[in-house]
Amino acid sequence: MSKEVDVVVIGAGPGGMTAALYASRSNLSVVMLDRGIYGGQMNNTATIENYPGFPSVMGPDLGEKMFAGATQFGAEYEYGNVTGIETDGDNKIVHTDDGDYIAKAVILATGSEYKKLGIPGEQEYAGRGVSYCAVCDGAFFKGQDLIVIGGGDSAIEEGLYLTQLANSVTVIHRRDQLRAQPIMQKRAFANDKMKFIWNAQVEEILGGDDGVTGVRYKDKVTGEEKVVDGKGTFIYVGIKPMTDAFANLGVLDEQGWVIVDDHMQTKVPGVFAIGDVRQKELRQITTAIGDGGLAGQGVFNYIQGLKDSALK
Ligand code: FAD
Ligand code: NAP
């Protein structure tokens, strides 16, 4: 299978959906590909409180609304796991498991994925008590004592979500101060179900035939080895970019984030990048959609430039 379009958007998170909306509204033919469900990381978020116009909205609900907007001017949404991108003159060839797309411009909107701790027990008990998604798996642990590892926005926000289901939520953090936004810290410290273990280096996820039973950690102040009991362990220790499919383009920084200019264009003409996957300071829905608008307009200008030079 091979399909020709003006623009391929890779990733249907908030960034990709906004880019598809802008590009298709400029009368370009657009295909938006995703190997998961449209909505991206919003599907893993319970309540969003910092998206203008919606004082409080469930992540998947916001995803549905964005999808309706993104496809209203003819942008197509197709399942596709993108495995590689090549350039061929002015064309970009996007390879997927099911065939190729030939486009004049490509927008990389593949976002990020959770980092793993890489400790014993993490892989062994994945899906049997180890989780990276409170919204997906929290309900399996009603009334239980749970553990959250990490101290950023994800750990605290999702930990707070889990308190609605669990008996207790113990946050294990490697320092004595959280990284999460002050408003989340305030809520966490005021929540009777939230407990904290500070200066702790998690060394092993413990378990047995019935799944996770707890976590072994080292107290970094005293050097003591300790165990905390818990049925479910939710790991939120940061994110990394999903860029394997286009590492060959030479557009990544040392950590793997995509480098773009103010128009969201990479150094490869016609290849744009937006949202969490790009090098940036603040990874949020609002910043992803801002990037998406710029890239949606950017591809229009780029393709117009190709047409103008063909006429000369
Ligand atoms: P994503 O939403 O990550 O979407 C990327 C899409 O690309 C995914 O659907 C993925 O399947 C697809 N993809 C990846 N690789 C490929 C490939 N090779 N082929 C095809 N498809 C591919 N932000 C806020 O503003 N407010 C919040 O309350 C908030 N809460 C959060 C809670 C959690 C737990 C997390 C993890 C993040 C939260 N964020 C929040 C951050 C926000 O979700 C992200 O900044 C935002 O989703 C980034 O959008 P994106 O479009 O760049 O990427
Ligand atoms: P993050 O901000 O990078 O935080 C990761 C946390 O994990 C940090 O507290 C870090 O500790 C800890 N950590 C990292 N490696 C570790 C290791 N090997 N062992 C133990 N702990 C480790 O990641 P995040 O919380 O997933 O957030 C990702 C992005 O999404 C951020 O930009 C965030 O703002 C955004 N987000 C926003 C919202 C919201 O706006 N409501 C919600 C969730 C996420 P240190 O603090 O010591 O570095």
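Conventions we followed
Starting afresh in each chain, residues are numbered from 1 along the sequence in its written order. The naming scheme follows written order: chains are lettered A onward, ligands numbered 1 onward. Whole-chain, interface and lining totals are the exception, using all residues; otherwise, since this is a predicted model, local features are given only for residues with pLDDT of at least 70 and side-chain atom pairs are given and counted only at 80 or more. Where side-chain values are given, they derive from all heavy atoms of the structure, hydrogens and water being excluded. Two strands form a pair only when DSSP identifies at least two bridges running between them. In this description a helix means any DSSP run of H or I spanning at least four residues, a strand means any run of E spanning at least two, and both kinds are numbered starting from the N terminus. Handedness of a crossover is defined as follows: with both strands directed away from the viewer, a clockwise route from the first strand across the helix to the second makes it right-handed. Delimitation of the domains relies on an automatic or database domain assignment. For this analysis, residues touch if any pair of their heavy atoms sits within 4.5 Å. Once two parts are brought into contact, the accessible area they lose, counted with a 1.4 Å probe and summed over both, makes up the buried area. Each reported salt bridge corresponds to a side-chain nitrogen of Lys or Arg within 4 Å of a carboxyl oxygen of Asp or Glu. Following the grouping adopted for this structure description, the nonpolar residues are Ala, Val, Leu, Ile, Met, Phe, Trp, Tyr, Cys and Pro, the charged ones are Asp, Glu, Lys and Arg, and the polar ones are all others, Gly among them. To obtain each axis, a line is fitted to C-alpha atoms, and for helices this fit is confined to the stretch in contact; angles are then taken between N-to-C directions over 0 to 180 degrees. Here a pair means two rings of Phe, Tyr or Trp (six-membered ring of Trp) with centres within 6.5 Å. Their orientation is stacked below 30 degrees between planes, edge-to-face above 60, and tilted elsewhere. Three exposure classes are used, based on accessible area relative to the maximum for each residue type with a 1.4 Å probe and protein chains only: buried under 20%, partly exposed in between, and exposed over 50%. Charge over a ring is defined by NZ of Lys or CZ of Arg lying within 6 Å of the ring centre and within 35 degrees of the ring normal. Whether a residue is near a molecule or strand depends on its heavy atoms: if one lies within 4 Å, it is near. We call two N or O atoms a polar contact when they sit within 3.5 Å, provided that within protein one can donate a hydrogen and the other can accept it, with sequence-adjacent residues counted only if both atoms are side-chain atoms. Reported accessibility uses the Shrake-Rupley method at a 1.4 Å probe radius. Residues are deemed covered only where the shown protein chains occlude them.

What to know about the pairing of strand E13 (residues 194–197)
Phase 1 of the analysis: One ladder, built from four bridges, connects strand E12 (residues 168–172) with E13; its direction is parallel. The partner of Thr170 across the bridge, within E13, is Lys195.
Phase 2 of the analysis: After leaving E12, the chain enters helix H5 (residues 182–190) and then returns to the sheet as E13, a path that is right-handed.

Comments concerning the domain arrangement of the chain
Phase 1 of the analysis: Parsing the chain into structural domains produces domain 1 (2–113 + 239–311) and domain 2 (116–235).
Phase 2 of the analysis: The distance between the C-alpha centroids of domain 1 and domain 2 comes to 33 Å.
Phase 3 of the analysis: Tallying the contact residues gives six residues for domain 1 and seven residues for domain 2.
Phase 4 of the analysis: Approximately 500 Å² of surface area, both sides summed, lies buried where domain 1 meets domain 2, with 46% of it carried by carbon and sulfur atoms.
Phase 5 of the analysis: Per-residue buried area on domain 1 facing domain 2 is highest for Asn44, Ala46 and Glu49; these three make up 64% of the total on that side.
Phase 6 of the analysis: Taken together, the links from domain 1 to domain 2 amount to one salt bridge.
Phase 7 of the analysis: Measuring nitrogen to oxygen at the nearest pair gives 3.0 Å for the salt bridge that ties Arg187 to Glu49.
Phase 8 of the analysis: Across the side of domain 1 that touches domain 2, the residue classes break down as one nonpolar, four polar and one charged.

Looking at the sheet that holds strand E15 (residues 211–219)
Phase 1 of the analysis: Spatially, E14-E15-E16 is the arrangement adopted by the three strands of the open sheet, whose pairing is antiparallel. At either end of the open sheet lies a strand with only one pairing partner, and these are strand E14 (200–208) and strand E16 (225–229). Adjacent strand axes in the sheet meet at a mean angle of 30 degrees, parallel and antiparallel pairs treated alike.
Phase 2 of the analysis: As paired strands, E14 and E15 are joined by eight bridges and run antiparallel to one another. Pairing of Gln201 across the sheet is with Lys218, part of E15.

Description of the packing of aromatic side chains
Phase 1 of the analysis: Applying the stated criterion to the full structure yields 10 aromatic pairs.
Phase 2 of the analysis: Here the aromatic rings of Tyr51 and Phe54 are separated by 5.9 Å at their centres, their planes lie at 40 degrees, and the arrangement is tilted.
Phase 3 of the analysis: Exposure remark for Phe54: the relative accessible area of 27% places this residue in the partly exposed category.
Phase 4 of the analysis: These aromatic residues form a ring-pair network of at least three members: Tyr38, Phe67 and Tyr77.
Phase 5 of the analysis: Lying over the aromatic face of Trp257, Arg283 brings its terminal NZ or CZ to 3.6 Å of the ring centre.

Focus on the site of ligand 2
Phase 1 of the analysis: In the neighbourhood of ligand 2, 20 residues make up the surrounding shell, with Asp153, Ser154, Arg175, Arg179 and Gln284 lying closest.
Phase 2 of the analysis: Asp153 places a side-chain nitrogen or oxygen 2.7 Å from an oxygen atom of ligand 2.
Phase 3 of the analysis: Bound to the protein, ligand 2 loses 76% of the 920 Å² it would expose on its own.
Phase 4 of the analysis: Composition of the shell around ligand 2 by domain shows at least three residues from each of domain 1 (2–113 + 239–311) and domain 2 (116–235).

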